[in-house]
Amino acid sequence: MERSLMILVFLMACALVEESSAAMSEAQMKGAMKTLRNMCLPKSGVSKEALANMKEGQFDDEDRKLKCYMGCIMNMMQVVKNGKISMTMVKNQIMKMVDPTWGAKLVATFESCASVEGSDNCDLAYNFGKCVYETDKEAFVVP
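Residues numbered from 1 in each chain as written. Predicted model: local features only at pLDDT ≥ 70, side-chain atom pairs only at ≥ 80, totals over all residues. Heavy atoms only, no water.

Take the state of the cysteines next. Within the structure shown, the criterion is met by 3 disulfides. Sulfur-sulfur distance for the disulfide between cysteine 68 and cysteine 122 comes to 2.3 Å. Looking down the S-S bond of the cysteine 68 and cysteine 122 bridge, the torsion is 105°, so its handedness is right-handed. Residue cysteine 68 is located in helix H4 (residues 64-76), and its partner cysteine 122 is located in helix H7 (residues 121-135); the two are separated by 54 residues in the primary sequence. With a relative accessible area of 14%, cysteine 122 lands in the buried category. The disulfide partner of cysteine 113 is cysteine 131, and the S-S distance across this bridge is 2.1 Å. Negative torsions about the S-S bond denote left-handed disulfides, and the value of about -80° found for cysteine 113 with cysteine 131 makes this one left-handed. Taken together, the residues cysteine 113 in the loop between helix H6 (100-112) and H7 and cysteine 131 in helix H7 connect sequence positions 18 residues apart. Both residues of the pair, cysteine 113 and cysteine 131, belong to the buried class. (Disulfide = S-S within 2.5 Å. Helix = DSSP H or I, 4+ residues; strand = E, 2+ residues; numbered from the N terminus. Buried < 20%, exposed > 50% of the residue type's maximum accessible area, 1.4 Å probe, protein only.)

Written out as structure tokens, the structure reads:
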């Protein structure tokens, strides 16, 4: 699996995979990403340009549609619960989806961002994603 497949990629894929101790293949991850993108893109109304910019580290803190795209992705993955990031869900999904060495690195990155806050789930998910990007670009992927 390419190291660039990071945070949201495997998180969203986890939500779509049966419980298993085996890591997902790159093809399974790409399929899960495509499914989430196809569901959340029209729902949020975010522009593809805003997503492309975010992938390059250009976060537009004023783009509500971008924030709600992130909220949609994380909600579908059941990572946002009661206005907080569910690290239990994050850890369980990571360890099922990727090899243990890479998983440990991802968990460490995500844990460092677990305390981010937001005014709602859109804002929370966006702030979490931005924190992950700033902490370790390799741990961040936007479907």
